[in-house]
Structure formats: structure tokens, C-alpha cells
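Results of the structural survey
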Amino acid sequence: MNILAFDTSFAAVSACVRVDGQVRAWRHVATARGHAEILLPMVADVLAEAGLAASSIACVATVRGPGHFTGLRGGIAAAQGFAQASGARLVGFDAFAVVAAQMGVPGAQERRLIVFDSKRAEAFFQLDGQVPGAVKPVDFAPTGDAFLVGGDVAAVFAERLRALGKAARIDPGESLPDARTLAALAESSDPVGGPLLPLYIHPPATTVPKAQ
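The numbering scheme is per chain: residues are counted from 1 as the chain's sequence reads. The model is predicted, so local features are restricted to residues of pLDDT at least 70 and side-chain atom pairs to those at 80 or more, both for listing and for counting; the totals for chains, interfaces and linings are taken over all residues. Calculation of side-chain values draws on the structure's entire complement of heavy atoms; hydrogens and water are dropped beforehand.

**Focus on the overall build of the chain**
To keep things clear, this is the line we draw: A helix here means a DSSP run of H or I that spans at least four residues, while a strand means a run of E at least two residues long, and both kinds are numbered starting from the N terminus. In this treatment the radius of gyration is a C-alpha quantity, and the globule benchmark scales as 2.2 Å times the residue count to the 0.38 power. Using a 1.4 Å probe on the protein chains alone, a residue whose accessible area is under 20% of its type maximum counts as buried, one over 50% counts as exposed, and one in between counts as partly exposed. Contact definition: two residues touch when any of their heavy atoms are within 4.5 Å. Per-residue accessibility takes into account occlusion by the displayed protein chains alone, with areas from the Shrake-Rupley method and a 1.4 Å probe.
From N to C terminus, the chain includes 5 helices and 10 strands. In terms of C-alpha radius of gyration, the chain reaches 18 Å, essentially the compact-globule figure of 17 Å for 212 residues. In terms of overall dimensions, the chain has a C-alpha envelope of 60 × 55 × 30 Å along the principal axes. Sorting the 212 residues of the chain into buried and exposed places 45% on the buried side. In the chain, the proportion of contacts linking residues at least 24 apart, taken out of those at least 6 apart, comes to 63%. Carbon and sulfur atoms make up 54% of the accessible area of the chain, which amounts to about 10,200 Å² in all.

Set out below in C-alpha cells:
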């Protein structure tokens, strides 16, 4: 299967083409902004390197959230547009599932914690695959004595856990979703049944226009 996967959810943009279980092309750029401007040329580059036309892609995958609002929405819009134009099936994953797939196996007594920078005072977090939420590091006090911590603010939360007298081990794997992992997950995933809806922990911040 020819798979195109890309991610724009946090402080990076990555894209990958995977063909019959093998990565043919991959790009990654760490960036805090400009995701939309980077993504489409990056997609063109990986398709060219893989020697594939857009019409030959059978599946397109991206992260549906949580993430930084502008980058996240841009990635979802690009994935939906590409799928509609090419006829490829569309697959979406939450960022926690992608990073969990990049992490090692927790020890027998460890809980798996994934934490992402939300660009607010709080971080997005998920424990052991449960319902995600948002919390300030100073308020984080989970049950359990030992943790395997992943995500781009793992060090901050590991320090908090140790201050509480708990063991915290930072996972050495990729701390943000990687398009190569997305592509691998997409091989055995069902397509979405409609529009790919973003996963938000907080509603998007909006500004209401002043009355005229």
C-alpha cells in the first residue's frame, strides 16, 4: 500500500511516504510557526523522492489532535483535501497514540504518562491511555509510584513527579508525533467515516468582534 502521512500538530512538521511496509521518503523540520507554508512543499518533496504521483497514494494519514490550533487545523485541512482530490482513504490519529507507539514498554510497576506543551500554563496529558486532559505541572499529583514519561515537556513533569517522591523515567524516543509512525499505524487502521474532526482538550480561543 502507498501511504502518505504528515503531522503539523505541535512544534514540528514531518511528512513520510511508506510503500509496502517500507519508508521511501521522510522529512522533518522543527518549527514553532509557519506549518502551512512548510507542509505542502514538504509533501511534494517526499512524493518526488519516493517516485510517486499523488494519484497513486492509497491512504493519507495525519494527527487530529490535540495540538496547537493553527498547525493542527492546517494539517487536517490538507489531509482532507488530498484525500478528496486523490480518492485516497483518510485516517486520523490522536497525538497521544502516535507518541505511545514511539515509546518503550513501561516497567511492571510503571504508569505511562505522555505530556505535550499546549502553549498555555497547562500541558495536555494522558495517563495509561485514559481520557486526556490538561493540567499545570504544579497541580499534577497522580496515583502510582513509578512513571515512564514521554512528550515534549516530559522533563518538566518528571521533575514534578520526583519532587513528590515518585520514580520518573524519561522515554528516549521521539517526543512529538512522527510521520513515519503515523504511516506505520495507518497500514492497519480503518478510514474515518466522514470529516476528520479535530480533537481538542480546550475549545479554540476566539475573539468576539466588538459591537459597532
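**Quick word on helix α2 (residues 69–86)**
To keep things clear, this is the line we draw: Expected helix span is taken as 1.5 Å per residue step, with the number of steps being one fewer than the number of residues. By construction, the arc corresponds to the directions joining the helix axis to the C-beta atoms.
For α2, spanning 18 residues, the distance from its first C-alpha to its last is 26 Å, which sits close to the expected 26 Å at 1.5 Å a residue. Of all the residues in α2, the buried ones are G71, L72, G75, I76, A79, F82 and A83. End-on, the buried residues of α2 take up no more than an arc of 130°, which puts them together on one face. Set apart from the buried face of α2 by more than 90 degrees, the exposed residues are T70, Q84 and A85. At its buried positions, α2 is contacted by β1 (2–7), α1 (35–50), β4 (59–65) and β5 (89–94). Just past α2, the residue G87 takes up positive phi, approximately 80°.

**Some remarks on the sheet that holds strand β9 (residues 146–150)**
In plain terms, the rule: Paired strands, as defined in this entry, are two strands with at least two bridges between them according to DSSP. For helices, the axis comes from a line fit to the C-alpha atoms of the stretch in contact; other axes are also lines fit to C-alpha atoms, and the angle between any two N-to-C directions lies between 0 and 180 degrees.
Spatially, β8-β7-β6-β9-β10 is the arrangement adopted by the 5 strands of the open sheet, whose pairing is mixed. Because the sheet does not close on itself, it has two edges, and the strands there are β8 (133–135) and β10 (167–170). When the angles between neighbouring strand axes are averaged without regard to direction, this sheet yields 35°. Two elements, β9 and β10, share 4 bridges in a ladder whose sense is parallel. For L148, the partnering residue across the bridge sits in β10 and is R169. Lying over the sheet, helix α3 (residues 95–102) contacts β6 (110–117) and β7 (123–127), oriented at roughly 125° with respect to β6. Helix-sheet contacts for helix α4 (residues 154–163) involve β6, β7, β8, β9 and β10, and the interaxial angle to β10 is about 165°.

**Some details on unusual backbone geometry**
Backbone torsion omega between G65 and P66 reads -10°, so that peptide bond is classified as cis. Following the sequence through the fold, P66 ends up in the loop between β4 and α2. With a phi angle near 50°, D20 is a residue other than glycine that sits in the positive phi range. Structurally, D20 can be placed in the loop between β2 (12–19) and β3 (22–30). Unlike most non-glycine residues, D128 shows phi in positive territory, near 55°. Here D128 lies in the loop between β7 and β8.

**Some thoughts on the nonpolar core**
For the record, the criterion: To define a nonpolar core, start from buried Ala, Val, Leu, Ile, Met, Phe, Trp, Tyr and Cys residues and group those joined through side-chain atoms within 4.5 Å.
Core analysis: the largest hydrophobic core is formed by 25 residues, its most contacted members being F93, I114 and F116. At 5 residues, the largest contribution of residues to this core is made by α3. If we skip the residues at most four places from it in the chain, F116 touches F10, A95, F96, V99, A123, F124, G151, D152, V153, S175, L176 and P177. In terms of nonpolar packing, the next biggest core, distinct from the first, is built from 24 residues, V13, A50, L90 and L196 among them.

**What to know about α4**
For α4, every residue scored as buried is listed here: A154, F157, A158 and L161. One side of α4 holds all its buried residues, which, seen down the axis, span an arc of 105°. Opposite the packed face of α4, turned more than 90 degrees from it, sit the exposed residues E159 and A163. Against β6, β7, β8, β9 and β10 lie the buried residues of α4. Just past α4, the residue G165 takes up positive phi, approximately 85°.

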